[in-house]
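Residue-level listing of the chains:
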Amino acid sequence: MKRQHSCPAKSGSLAQLPDDPFHILLNEKQAAAYLGLTDRTLQQRRYYSQPPVYIKLPGSNAVRYRLSDLMAFVAAGEVPLP
């Protein structure tokens, strides 16, 4: 008989984290692909303090982008139809 293990991550609020764009972090290449830009373009935008907002992980040079911030960046550039 197989023993079933309960997974605490499936109960409570932890199970909802991956579905929330605020909690999904993308690296530079993933963010660039999502936006249809090159990583170099994102690097230049960071250098000139231009959006999208990014996160610099403490204790490293790693840069991450929240999916929710990228979605807001795209939405901000939406042009309404006449």
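As a starting point, this report considers the structure included with it.

1. With respect to the overall build of the protein chain
Link 1 in the chain: For the protein chain, the count of helices and strands is three helices and three strands.
Link 2 in the chain: Helices and strands in the protein chain line up, N terminus first, as β-α-α-β-β-α.
Link 3 in the chain: Accessible surface, the protein chain: about 6700 Å² in total, of which carbon and sulfur atoms supply 56%.

2. A few points about the packing of helix α1 (residues 28-35) against helix α3 (residues 67-76)
Link 1 in the chain: Where α1 contacts α3, the axes come no closer than 11 Å and their chain directions differ by 30°. The orientation of α1 with respect to α3, classified from their angle, is roughly parallel. At the point where α1 passes α3, the crossing takes the right-handed sense. Across from Ala31, Tyr34 and Leu35 in α1, the residues of α3 making contact are Leu67, Leu70, Met71, Phe73 and Val74.

Procedures and definitions
Residues numbered from 1 in each chain as written. Predicted model: local features only at pLDDT ≥ 70, side-chain atom pairs only at ≥ 80, totals over all residues. Heavy atoms only, no water. Helix = DSSP H or I, 4+ residues; strand = E, 2+ residues; numbered from the N terminus. Areas by Shrake-Rupley, 256 points an atom, 1.4 Å probe, with all protein chains shown as cover. Axes fitted to C-alpha atoms, helices over the stretch in contact; angles between N-to-C directions. Parallel < 35°, antiparallel > 145°, perpendicular 65-115°, else oblique. Left-handed = near helix turned anticlockwise from the far one by under 90°. Contact = heavy atoms within 4.5 Å.

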